[in-house]
Amino acid sequence: MKEQHPYRATIPPVPEGEPPPLWSVMIPTYNCADYLRETLASVLAQDPGPEIMQIEVVDDQSTKDDPKAVVEELGRGRVGFYQQPQNVGCIKNFNTCLQRSRGHFIHLLHGDDCVRDGFYRRMQQAFESHFEIGAAFCRHIYVDEHGHWLWFSALEQPESGVLNNWLEQIAVINRLQPPSMVVRRDAYERLGGFDSRISCCAEDWEMWVRIAAHYPVWYEVEPLALYRVHSTSLTGRCARTGQNVRDLRRIVEIVHPYLPTSIASKLSVQARENWAIYAIKYIAPQMLDIGDKVAASTQIQEALKCSHSLKVMKELASLIWQTKKFWLKAQY
């Protein structure tokens, strides 16, 4: 049974005719052609052939580079390319990827991220051994602009398998990154695409909570995906205006109905506290590091609209104290 929703794109079934491939690796891009070569190379190194895997780049009218040239250079006819007739924004571009996919399993791989050897084999084994799961994800590695490893994501459990109480965990903070996740296409058909009410960030978090509310989810302990962290990613409009925190607060409201009634309020309170701490402890200091006091202040203000818990106020006091010490040292 498909769920209709005014803020989610419809993902129709694949038209009857030619047998669909097992995989659809859909690669959304926008001004990231410098990294696209590495992304495509990581997929093509594991390519089982066009009958089994669809590989397609979906570009949102890039203005600073030429992703089509990269696709032609590396893909040599093996990789499909579609360009939006006009810039539609990341949410609609992601949904276009889902709508253009034909495989049973969809891997939405951003054009600056990568996969390591064995990713598709391990994910396929998970779906084939547990037909009930709607999605599977692996541990991931954060890398910098040059591909150097920075740190590993948290280990969710010691062994690969279906996660216990996953909905309660993912509902309070986003614990994974997009390149690590694979979703059954019929799950997207049932639940719809990414929510258009989210304008700036964390659109994937809402989706992962939505999927967890309807399906069991598999976890692979091997770190088989690479998520790229850009040094300038926090200096854009979303952080400066506080839209990132407003989006997170909005998502907490959106996912509240997905949660069991008995614990929904508790989880929502915890989620708002977690995101407030995230803004104060991590984003605001980075805004101060680049000299943007207004953005740092905005992050704090938006964080306090999420929560005034004791933990949040302790983090705020710590930030104020560290900032005060810094300015005192600068004066002497």
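Notes on the structure in this doc start here. (Residues numbered from 1 in each chain as written. Predicted model: local features only at pLDDT ≥ 70, side-chain atom pairs only at ≥ 80, totals over all residues. Heavy atoms only, no water.)

## Examining the nonpolar core
As a rule of thumb, nonpolar side chains are buried together in soluble globular proteins.
And step 1. In terms of nonpolar packing, the biggest core is built from 47 residues, with Tyr188, Trp205, Trp208, Val209 and Ile211 touching the most fellow members.
And step 2. Of the residues forming this core, the biggest block, six residues, is contributed by helix H7 (residues 203-212).
And step 3. Every residue in contact with Ile211, bar those within four places of it in the chain, is listed here: Ala135, Val183, Leu191 and Val217.
And step 4. Counting residues in each nonpolar core, the second largest holds 28 residues, with Ile27, Val70, Tyr120 and Ala136 among its members. (Core = buried A, V, L, I, M, F, W, Y, C linked by side-chain atoms within 4.5 Å. Buried < 20%, exposed > 50% of the residue type's maximum accessible area, 1.4 Å probe, protein only. Helix = DSSP H or I, 4+ residues; strand = E, 2+ residues; numbered from the N terminus. Contact = heavy atoms within 4.5 Å.)

## Things to note about the packing of aromatic side chains
And step 1. Counted according to the given criterion, the structure contains 13 aromatic pairs.
And step 2. Centroid distance Phe94 to Phe194: 5.7 Å. Interplanar angle 65°. Geometry classified as edge-to-face. Of this pair, Phe94 sits in helix H3 (residues 90-100) while Phe194 sits in the loop between helix H6 (185-191) and H7; the two residues are 100 residues apart in sequence, bridging distant segments of the chain.
And step 3. For Phe94, a relative accessible area of 8% gives the class buried.
And step 4. Feature note: the residues Trp23, Phe105, Phe119, Tyr120 and Phe127 constitute an aromatic cluster, connected by ring pairs. (Phe/Tyr/Trp six-rings, centres within 6.5 Å; stacked < 30°, edge-to-face > 60°.)

## Description of the side chain of Gln177
And step 1. Structurally, the position occupied by Gln177 is in the loop between helix H5 (166-170) and strand E9 (181-184).
And step 2. Look at Gln177 and you get buried, because its relative accessible area is 16%.
And step 3. Among the polar contacts made by the side chain of Gln177, one reaches the side chain of Tyr142 at a distance of 3.4 Å.
And step 4. Once residues lying within four places of it in the same chain are set aside, the contact partners of Gln177 are His140, Tyr142 and Tyr227. (Polar contact = N/O pair within 3.5 Å; in protein donor to acceptor, adjacent residues only side chain to side chain.)

## With respect to helix H4 (residues 119-129)
Three- or four-residue spacings in an α-helix give side chains the same orientation, since the helix completes a turn every 3.6 residues.
And step 1. Buried within H4 we find Phe119, Tyr120, Met123, Ala126 and Phe127. For H4, the arc enclosing every buried residue in end-on projection is 125°, short of the 170-degree limit, so these residues lie on one face. (Arc of directions from axis to C-beta.)

## Structural notes on the pattern of salt bridges
And step 1. In the structure shown here, the tally under the stated rule is 14 salt bridges.
And step 2. Across the pair Arg185 and Glu189 runs a salt bridge, and its minimum N-O distance is 2.8 Å. In this pair, Arg185 and Glu189 both sit in helix H6, four residues apart, roughly one turn of the helix. An identical accessibility class is assigned to Arg185 and Glu189; each is buried.
And step 3. Residues participating in the shared-partner salt-bridge network are Arg246, Arg249, Glu302 and Lys305. (Salt bridge = Lys/Arg side-chain N within 4 Å of Asp/Glu carboxyl O.)

## Things to note about the environment of Met313
And step 1. Along the chain, Met313 turns up in helix H12 (residues 310-331).
And step 2. Considering only alpha carbons, one finds Met313 and Ile280, 33 residues apart in sequence, at a separation of 9.5 Å.
And step 3. The residues touching Met313, leaving out its near neighbours within four places in the chain, are Leu304 and His308.

## Examining the packing of helix H9 (residues 243-255) against helix H11 (residues 293-306)
To characterise two packed helices, one gives the angle between the axes of the helices and the distance between these axes.
And step 1. One can describe the packing of H9 onto H11 by two numbers: an axis separation of 9 Å at closest approach and a directional angle of 10°. Compared by their axis directions, H9 and H11 come out roughly parallel. Our pair here, H9 against H11, has a crossing hand that is right-handed. Two secondary-structure elements touch here, H9 through Asn244, Val245, Arg246 and Arg249 and H11 through Gln299, Glu302, Ala303, Lys305 and Cys306. (Axes fitted to C-alpha atoms, helices over the stretch in contact; angles between N-to-C directions. Parallel < 35°, antiparallel > 145°, perpendicular 65-115°, else oblique. Left-handed = near helix turned anticlockwise from the far one by under 90°.)

Worth remembering: the numbers are spatial, not functional.
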